[in-house]
Amino acid sequence: MLLDAMRVLEVAEGRESTAVARLFADLGADVLKVEPPGGSVDRAECPRVAGVSIPFAVHNANKRSLTLDPRDPADRRRFAEYAGTADILVDSGVPGRAAAYGASAAELARRHRHLVAVTLSPFGATGPRAEWQATDAVFYALSGALSRSGPTTGTPVLPPVGIASATAAVQACWATLVAYYHRLHTGVGDFVDFSRFDAVATGLDPVFGTHGQTAAAQRGPQRWRGRPKNQDAYPIFACADGHVRICVMSPRQWHGLRAWLGEPAEFQSPEFDRIGARFAAWPQIAVLVADLFAAHTMAELVATGQDHRVPIAAVLSPAQVLTAEHFTTIGAIGDTELTPGLHVPAPVGYFRVDGDRAGWRTPATEPAATGIDWAAAALDATPASPADPTGYPFAGLRVIDLGIIVAGGETSRLFADLGAHVIKVESRDHPDGLRQTRPGQPMSESFAWAHRNSLGLGLDLRSVDGAALFARLVADADVLLANFKPGTLAGLGFDANRLRSLNPRLVVAESSAFGDTGPWSARMGYGPLVRATTGVTQLWTAPDRSAPADRHPFYDATTIFPDHVAGRVTAIGALAALIDRHHGGGGHRVHVAQTEVAINQLATHYVAAGAGAAVGAALEPATGIDAVCPAAGDDEWCVISVRCDADWRRLAALIGRPELADDPRFCGVARLSHREELTAALVEWTRSRDPLTVATTLQEAGVPAAPMNRPPDIAEDPQLRHRRLFAAMTHPLFAQPLPAETGPAPFHHIPPAPHRPAPQPGQDTREICTTVLGLTDAEIDRLVADGVLFTADPVESVPDSRSSEVS
């Protein structure tokens, strides 16, 4: 396993924190979970089946557990010994649970030079909102995700519970693994004050980052501050047994749909090859599609659509995902031991390494009462030739980037931001789709964010000489990143065996929509289709699944989940492989499927969907609810979370309705059936108050709440400004600086990300050919003349209009 030399001590509680160490455990790390006498409170968390907490079981698989009493001096000494011999300490809360054992995570990191200690909290340890309570709904509201989800008017629709927490866990894993890799080369660990809000703001549907539907978020009269006007960019149609979604993007796909419709005469004009013309005529086209689809099943439509080369997917439920042929065939869903003796179908993990799954192996167990020895042998924490502890961790790494669009761009950026020498390879005839621009725009904001700090190489890989040059690049590289359709690299002459023969130490990290094996691996992989086939679309509805009479109930069209998080998962796999190489291993191939990212992000939903039937027991549901309430002002909203009866009692008093505190309709599981009445009581109080006033009042009483931020609000959020999450990124092709994230977390020893401008296609071809490939000017000129290489076309810089710092 890639991380089997790593020791992780976990003293965290809460699914959003324990999920971090689960990722390390999946990749082979020895994770020791410390629980207090009586066990972690997480063991009682709902939903439960047969008395077993599903969230606890999901997020604590592959770990070992022991009981240590913070009141017992002997146990405090044992905890200190474990911390002193661990590589990583994962803590949660402010100041953190480690403090109960005698020293906080920050103090332990200072005491043990080699230790990487991370404390996870909702908003970080300091700042105006450091004491705020959080739920996924609160993060959706504050990050701007809620404002882009739902109808154009009316109540916004919350994304599914779980995505925000799981996204933050992936970001925390990445940041911690970066600090550990840095320690391997410098001998110096780190302390990371990790904010989950920071992670959601930059890793889910980031306002300042690569995006599709999301509008760039800077204040100004030309920027749209209202709600999204189009929630059906990727149409969903009812059929005989459910719904299907189509994504008709290219002329070829349109021709396939037109043939499927029987070649209607009114749509034969070549003008409909343009997506804009089709969009304008879509109300008429949609009538034909709806009539065609209505009498057929999802399976029939998907099969026929594939025959016509029309990108299409069934809108599956979590229960249907658990039995879908693709996921069961490739082992993405497996018969899993939830707890010893209790088997359920469940997503097994994110990663495939060298063709094998790295995921769920052993169930969460009861904590041991006696000492546990580390499984891994102790390693010398001090390298023979330590690097500069204040430098970038990936300095000296060469990364070849074949990634495209959002997931590919995110993966390479994570390495470039931390010092890697990233060479983005592009073809003149087939540039990265992220380069699509508006008329008159020399570069898209998305490309500028995704490929800052990279170099641009213009190379025709399909030519003989181009393939030879690429082989020379690979032979001296550390990492190759790609997210093509499966088989594309092999079709270019660079299958896994060829790459291994060129460079046995090469780490290859690939991602694709449906994975590189299985019945669906050849399908078109647009994000909306990924969400449909993984149950995300089914979960992304209003609580009562209400919708206009002429519309389906689903509202996930404006998100690009799971692209950003898939990029981070792929980066984690690549970095774990580099760590194994550092410890004496060779090269590895890591593959991540975006569909599997989605189902693992929402694993609790899927296990709950199948657990009751699997064990023949009723499910004990979670009783928390999230209410989206109107506030004073034009289309202003706030979110209020009722996690438990204690929250409700505090709320009842705050809204001046103390008689409702013990109303049986609003207590315990009954709250779920009376959500509308509970929300109505809250709305009476919220509708006359400013949303920030509502949130502040409730947060001061310990109740999670938040105003709904619009995209332009994010840079001005006081907590994000305090954390210095964004800095001004300048580019010669943009008149104004772009706010850009400063890194995955606030490290003590790793500097913020540099902001070198993203390249034009082929901008650095000559430099790379000279310094990396050793070509002469004459050789470069010949290859350019032959079309094997290309260099950037001259583009005039845009003069600065004004400067504004984002801090």
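Predicted model, so just to flag it, every value in this text is computed and none were measured.

> Outline the side chain of Thr533, supporting the account with residue identities and numerical values.
In this structure, Thr533 sits in helix H18 (residues 527-533). Judged by relative accessible area, which is 1%, Thr533 ranks as buried. Setting aside its immediate chain neighbours within four residues, Thr533 contacts Ala313, Ala314, Leu316, Val321, Phe327, Phe514, Trp520, Arg523 and Thr595.

> An account of the domain arrangement of the protein chain is needed here, citing residue identities and associated values.
Domain boundaries assigned for the protein chain yield domain 1 (248-310) and domain 2 (623-710). Each of domain 1 and domain 2 has a C-alpha centre, and these two points are 45 Å apart.

> Would you mind going over the pattern of salt bridges in detail, with residue names and values included?
In the structure shown here, the tally under the stated rule is 46 salt bridges. Between Arg589 and Asp516 there is a salt bridge; the shortest N-O distance is 2.8 Å. Of the two residues, Arg589 is situated in strand E21 (residues 588-593) and Asp516 in the loop between strand E20 (507-512) and H18; the sequence distance between them amounts to 73 residues. With relative accessibility at 23%, the residue Arg589 sits in the partly exposed group.

> Quick one: what's the story with the sheet that holds strand E5 (residues 64-67), residue by residue and with numbers?
Taken in spatial order, the 6 strands make up an open sheet running E5-E2-E1-E6-E7-E8, and their pairing is parallel. Across the chains shown, the open sheet's two edge strands, defined by having one partner strand only, are E5 and strand E8 (190-195). The mean angle between the axes of side-by-side strands here comes to 20 degrees, regardless of whether they run parallel or antiparallel. One ladder, built from 6 bridges, connects strand E7 (residues 116-121) with E8; its direction is parallel. Across the sheet, residue Ser121 finds its bridge partner in E8, namely Ser195. Relative to strand E1 (residues 7-10), helix H3 (residues 73-85) is tilted by about 145 degrees, and along the sheet it contacts E1, strand E2 (30-35), E5 and strand E6 (88-92). Contacts from helix H7 (residues 196-203) reach E7 and E8 within the one sheet, and its direction differs from that of E8 by about 70 degrees.

Criteria and cut-off values
- Residues numbered from 1 in each chain as written.
- Predicted model: local features only at pLDDT ≥ 70, side-chain atom pairs only at ≥ 80, totals over all residues.
- Heavy atoms only, no water.
- Helix = DSSP H or I, 4+ residues; strand = E, 2+ residues; numbered from the N terminus.
- Buried < 20%, exposed > 50% of the residue type's maximum accessible area, 1.4 Å probe, protein only.
- Contact = heavy atoms within 4.5 Å.
- Domains from an automatic or database assignment.
- Salt bridge = Lys/Arg side-chain N within 4 Å of Asp/Glu carboxyl O.
- Pairing = 2+ DSSP bridges.
- Axes fitted to C-alpha atoms, helices over the stretch in contact; angles between N-to-C directions.

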